[in-house]
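# Understanding the architecture of this molecule
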Amino acid sequence: MANKEASAALQIELVAADRVVWSGQASEVLARTVDGDLGVLANHSPLLSLLVPGVVEITPLEGDVVRAAIDSGFLSVADNHVSILSEDAFLASEVDASAAKAELEAAKSADDADGVLRAEAKLRLIDKAS
């Protein structure tokens, strides 16, 4: 059974500009692209897509779902390997709710649409994690 699970697994790498945020095997990845929400399962067709700020959900083979707020970036799928590359990526445990709310207000005040999207993604991440 272990070989069957391994052959159906995706190798995931969630990478920010300054670090590898999460790496491991998973059964599914959900992300938001410029074309809409995308789900990736084992044996997915090769794909390269632009990501928009949002929440990425990774379902590891073992353990709890991993959620991260990401900035815009890229998602690459080939041969059961998924690379999620973003300037910034934060796991739920790394996001402070009050700081994210302050970031949202500052972005709204500055009329920074990208900043609003990033802050809203962090707040959605906190909501999903609780």
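As a starting point, this report considers the structure included with it. The shown structure was predicted, so the numbers you read here are calculated from the model rather than taken from an experiment.

Cut-offs applied
Residues numbered from 1 in each chain as written. Predicted model: local features only at pLDDT ≥ 70, side-chain atom pairs only at ≥ 80, totals over all residues. Heavy atoms only, no water. Helix = DSSP H or I, 4+ residues; strand = E, 2+ residues; numbered from the N terminus. Buried < 20%, exposed > 50% of the residue type's maximum accessible area, 1.4 Å probe, protein only. Phe/Tyr/Trp six-rings, centres within 6.5 Å; stacked < 30°, edge-to-face > 60°. Lys NZ or Arg CZ within 6 Å of the ring centre and 35° of its normal. Salt bridge = Lys/Arg side-chain N within 4 Å of Asp/Glu carboxyl O. Pairing = 2+ DSSP bridges. Expected span 1.5 Å × (residues − 1). Arc of directions from axis to C-beta.

## Topic: the environment of Ser109
- With respect to the element layout, Ser109 can be found in helix 2 (residues 97-109).
- Classification of Ser109 by relative accessible area gives exposed; the value is 66%.

## Some points on the packing of aromatic side chains
- Counted by the stated rule, this structure contains zero aromatic pairs.
- Here the basic side chain of Lys122 rests over the ring of Phe90, its NZ or CZ set 4.4 Å away from the ring centre.

## A word on unusual backbone geometry
- At Asn43, a position not held by glycine, the phi torsion is positive, near 65°.
- Tracing the backbone shows Asn43 in the loop between strand 3 (36-41) and strand 4 (47-51).
- With a phi angle near 50°, Asp79 is a residue other than glycine that sits in the positive phi range.
- For Asp79, the location among the structural elements is in the loop between strand 7 (73-78) and strand 8 (81-86).
- Of the residues examined, Asp79 reaches a relative accessible area of 76% and is grouped as exposed.

## Topic: the pattern of salt bridges
- All chains considered together, the criterion is met by six salt bridges.
- The closest approach of N and O atoms between Lys122 and Glu103, which form a salt bridge, is 2.9 Å. With Lys122 in helix 3 (residues 113-129) and Glu103 in helix 2, this pair connects stretches of sequence that are 19 residues apart.
- On the accessibility criterion, Lys122 (15% relative accessible area) is buried.
- Salt bridges linked by common partners bring Asp71, Asp112 and Arg118 together as one network.

## Details of the pairing of strand 6 (residues 66-70)
- Most of strand 6 is tucked away: four of the five residues are buried.
- One ladder, built from three bridges, connects strand 6 with strand 9 (residues 89-91); its direction is antiparallel. What sits directly across from Ala69, in strand 9, is Phe90.

## Considerations on helix 2
- Between its terminal C-alpha atoms helix 2 stretches 18 Å, which fits the 18 Å expected from 13 residues at 1.5 Å a residue.
- Of all the residues in helix 2, the buried ones are Ala100, Leu104 and Ala107. Looking down the long axis of helix 2, one finds its buried residues gathered within 70° of arc, a one-sided arrangement. For helix 2, the exposed residues set more than 90 degrees away from the buried face come down to Ser98, Lys101 and Ser109.
- Among the residues trailing helix 2, Asp111 stands out with phi positive, at a value near 55°.

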